[in-house]
Amino acid sequence: MSDIIDEVLENIKKSSIFKNREYLLPDYVPDQLPYRERQIKEIVSVMVQLYKGERPGNIFIYGLTGTGKTSVTKFVLSNLHKRIPDKFTYVYINTRQSDTPYRVIADFLEWLGDKVPFTGLSLAELYRRLVKSLISLSNNVVVVLDEIDALVKKYDDDILYRLTRINSELNRSKVSIIGITNDIQFIDILDPRVKSSLGEVEIVFPPYNAEELTQILKVRSLSAFQEGVVDDVVIGLCSALAARDHGDARRALDLLRVAGEIAERKGKNKISEEEVQEARSEIEKDRVHEVVSTLPFHSKLVLASILISSEKMSTGEVYNQYVSLAKKLKVEVVTQRRVSDIINELDMIGILNAKVVNRGRYGKTKEVTLAVDKFLVTKILRESDPRIASVWSR
Ligand SMILES: Nc1ncnc2c1ncn2[C@@H]1O[C@H](COP(=O)(O)OP(=O)(O)OP(=O)(O)O)[C@@H](O)[C@H]1O
């Protein structure tokens, strides 16, 4: 039996499409990051203090998704560390993954080489251990908190407050924080003391334009694909599609990688525009699936109300339909105001379109239509919750 596994692996190794597929995966940090020279220089010029054995200022980095914030930060820190390994220790924590204050401090301790039980200690005890561990460390420490908005929105900024103050509890100032977020308004919701401390230096990552994305894809595809697999037309299409959103390099790379996987499945040895379009709808399907299947119950019910009714509905009509479904399912209803908010949320995440229309003497109302494939969303909703599925069977 194991020869079957070997055979499949062998075929993948012999891919006529990919030379190194992993070079296109989102976590891979490339050794070239075009159009980010300014940001690299800015981070290095702050971090240069490490060379003198001093603590660098905190840095706050923001920009939309896929603008290179994580890659550039990791690139600078790992390259600096290669050059001056004895001068500092660095810690990388993604707070969307390590999504409780406990996990963040536990991860911090683990990076410093301390073992921490998965749960069971109090947060105060964890801080105590962190302070102790930091005191015994002779090096400066740079801690990267990626996607910090996720943690602060879920809890509050207490953990950031404590971390920005931690130097005062040590034998000398040695901890610097690099905070990263893609929520541009995030800094405004922080406590002013955290805000001024975290934003000692602020660095903005602007979106890429289509030409920049083209160049980025060209560089990345040279090492990722076999020769002759992608041409300028395919790269141009991936860049144009990604630039239409907001210049997201991750999206451009995903399109190219998935197009390559589709071509490989078809047994082709070249990617064409057709595979890019197919990749686009595959990625969109995955996105819709992730978003819809994880919606809270009442948001799913509001969406179901729209799906089983007409193509276009006013918010009032959506509410009436929602109330009648909720009664059928014998669940308590939320207020009309909440349903309006849910409609706006579904609009923001691209599942619905809600636009204000003027209905003459009836005044203004919001007209709600579906922004994604009806058949797909119905299928996802029905599969994700049996109570919602029963709406269709009655
Ligand atoms: N200038 C660049 N050159 C090459 N690849 C890039 C460049 N900028 C970004 N990328 C690639 O795009 C993808 C997304 O980048 P990265 O994760 O750094 O973005 P981000 O701004 O941190 O996004 P998010 O806010 O969603 O975490 C990664 O695969 C990264 O390697």
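What you are looking at is a predicted structure, and each value in this text was computed from that prediction instead of being measured. Each residue is numbered by its place in its chain's sequence as written, counting from 1. Given that the model is predicted, a residue must reach a pLDDT of at least 70 before its local features are reported, and side-chain atom pairs must reach 80 or more before they are shown or counted; all residues, however, enter totals for whole chains, interfaces and linings.

**Here's the deal with the UniProt feature "domain: AAA+ ATPase" (unreviewed entry) in the protein**
Which entries qualify depends on this criterion: UniProt positions are given in the numbering used here, feature names are shortened, and annotations may be inferred rather than shown by experiment. Where helices and strands are cited, they refer to DSSP runs of H or I of at least four residues and of E of at least two residues respectively, numbered from the N terminus.
In the numbering adopted here, UniProt assigns the feature "domain: AAA+ ATPase" (unreviewed entry) to residues 55-200. The distance separating the terminal C-alpha atoms of residues 55-200 is 13 Å; by composition the span is 42% helix and 18% strand.

**Thoughts on the site of the ligand**
Threshold: Using a C-beta atom placed from the backbone, a residue is scored as near a molecule or strand whenever that atom is within 6 Å of it. Bear in mind that the domain bounds are from an automatic or database domain assignment.
Not every one of the 21 residues close to the ligand is listed here, only the nearest: T65, G68, T70, S71 and A249. Counting residues per element, the ones that place at least two in the shell around the ligand are α3 (69-83), α9 (210-224) and α11 (249-265). No fewer than three residues from each of domain 1 (37-205) and domain 2 (211-290) sit in the shell around the ligand.

**Points about the packing of helix α2 (residues 37-47) against α3**
In plain terms, the rule: Between N-to-C directions, angles cover 0 to 180 degrees, with each direction set by a line fitted to C-alpha atoms, over the stretch in contact for helices. By definition in this entry, angles of less than 35 degrees are roughly parallel, angles greater than 145 are roughly antiparallel, angles of 65 to 115 are roughly perpendicular, and the rest are oblique. Throughout, a crossing is termed right-handed when the near helix is turned clockwise from the far one, and left-handed when it is turned anticlockwise from it by less than a right angle. In this description, a residue-residue contact is defined by the distance between C-beta atoms placed from the backbone, which must lie within 7 Å.
Packing of α2 against α3 brings their axes to within 10 Å, and their N-to-C directions diverge by 45 degrees. As summarised for this structure, α2 and α3 are arranged oblique, according to the angle between their axes. Along this stretch, α2 crosses α3, giving a crossing that reads as right-handed. Here Q39, I40, I43, V44 and M47 of α2 come into contact with α3, specifically with V72, T73, V76 and L80.

**Section: the nonpolar core**
Applicable threshold: By convention in this section, buried Ala, Val, Leu, Ile, Met, Phe, Trp, Tyr and Cys residues joined through C-beta atoms within 7 Å make up a nonpolar core. To sort residues by exposure, count the other C-beta atoms lying within 10 Å of each residue's C-beta; 20 or more gives buried, 12 or fewer gives exposed, and values between give partly exposed, all with C-beta atoms placed from the backbone.
Within the largest apolar cluster, 45 residues are counted, with the highest numbers of intra-cluster contacts made by I61, V142, V143 and V144. Leave out the neighbours within four places in its chain, and V142 touches L77, F88, Y90, S176 and I178. Formed by 28 residues, the second largest nonpolar core is a distinct cluster that contains L213, I216, A259 and V276.

**As for the domain arrangement of the protein**
Each assigned domain of the protein is listed here: domain 1 (37-205), domain 2 (211-290) and domain 3 (295-393). Taking the mean C-alpha position of each, domain 1 and domain 3 sit 41 Å from one another.

**Some remarks on the sheet that holds strand β6 (residues 313-314)**
By definition, the strands of a sheet pair up through backbone hydrogen bonds, in either a parallel or an antiparallel sense. Going by this rule: Any two strands with at least two DSSP bridges between them are considered paired.
Taken in spatial order, the 3 strands line up as β6-β8-β7 in an open sheet, and their pairing is antiparallel. On the outer flanks of this sheet lie β6 and β7 (352-358), each paired with one strand and no other. Bridging between β6 and strand β8 (residues 364-370) involves 2 bridges; their strand directions are antiparallel. Residue pairing for β8: M313 is matched across the bridge by V368.

**A word on the UniProt feature "binding site: ATP" (unreviewed entry) in the protein**
According to UniProt, the "binding site: ATP" (unreviewed entry) feature falls on T67, G68, K69, T70, S71, Y208 and R220. Mapped onto the elements, Y208 comes out in the loop between β5 (201-205) and α9. The exposure class of Y208 is buried, given the 26 C-beta atoms found within 10 Å. Look past the residues within four positions of Y208 in its chain and what remains in contact with it is Y35, T67, L213, I216, G247 and A249. Position of R220 among the secondary structure elements: in helix α9. Once you skip the residues sitting within four places of it in the chain, R220 turns out to touch Y23, L24, P30 and L253.

**A closer look at unusual backbone geometry**
For Y35, which is not glycine, the phi torsion reads 70 degrees and is therefore positive. The topology assignment puts Y35 in the loop between α1 (2-13) and α2. Judged by local crowding, Y35 falls into the partly exposed class, with 18 C-beta atoms found within 10 Å. Of note in the backbone geometry, K330 takes a positive phi value of approximately 55 degrees without being a glycine. Along the chain, K330 turns up in the loop between α14 (315-328) and α15 (336-348). When the 7 C-beta atoms within 10 Å are taken as the criterion, K330 is described as exposed.

**Details of the sheet that holds strand β4 (residues 175-181)**
Here we have 5 strands laid out as an open sheet, ordered β2-β3-β4-β1-β5, and parallel in their pairing. The sheet is open, and its two borders are formed by β2 (88-94) and β5, each paired with just one other strand. Averaged over neighbouring strand pairs, the angle between their axes works out to 15 degrees when direction is ignored. Sheet topology note: the strand β1 (residues 59-63)/β4 ladder contains 4 bridges and is parallel. By the bridge assignment, Y62 is partnered in β4 with T181. Taken strand by strand, α2 contacts β1 and β5, and its axis lies near 165 degrees from that of β5. Strands β2 and β3 (140-146) of the sheet are contacted by helix α4 (residues 101-111), whose axis makes an angle of about 145 degrees with β2.

**Thoughts on the packing of α11 against helix α12 (residues 273-293)**
Just so we agree on the cut-off: Any residue that is not Ala, Val, Leu, Ile, Met, Phe, Trp, Tyr, Cys, Pro, Asp, Glu, Lys or Arg is counted as polar, Gly included; the first ten are nonpolar and the last four charged.
In the contact formed by α11 and α12, the axes pass within 8 Å of each other and the chain directions differ by 110 degrees. With respect to α12, the element α11 is oriented roughly perpendicular. Note on packing geometry: the crossing formed by α11 with α12 is right-handed. For the pair formed by α11 and α12, the contact residues are D254, L255, V258, A259, I262 and A263 on the first element and E275, V276, E278, A279, R280, E282 and I283 on the second. Here the residues of the contact of α11 with α12 sort into 8 nonpolar, no polar and 5 charged.

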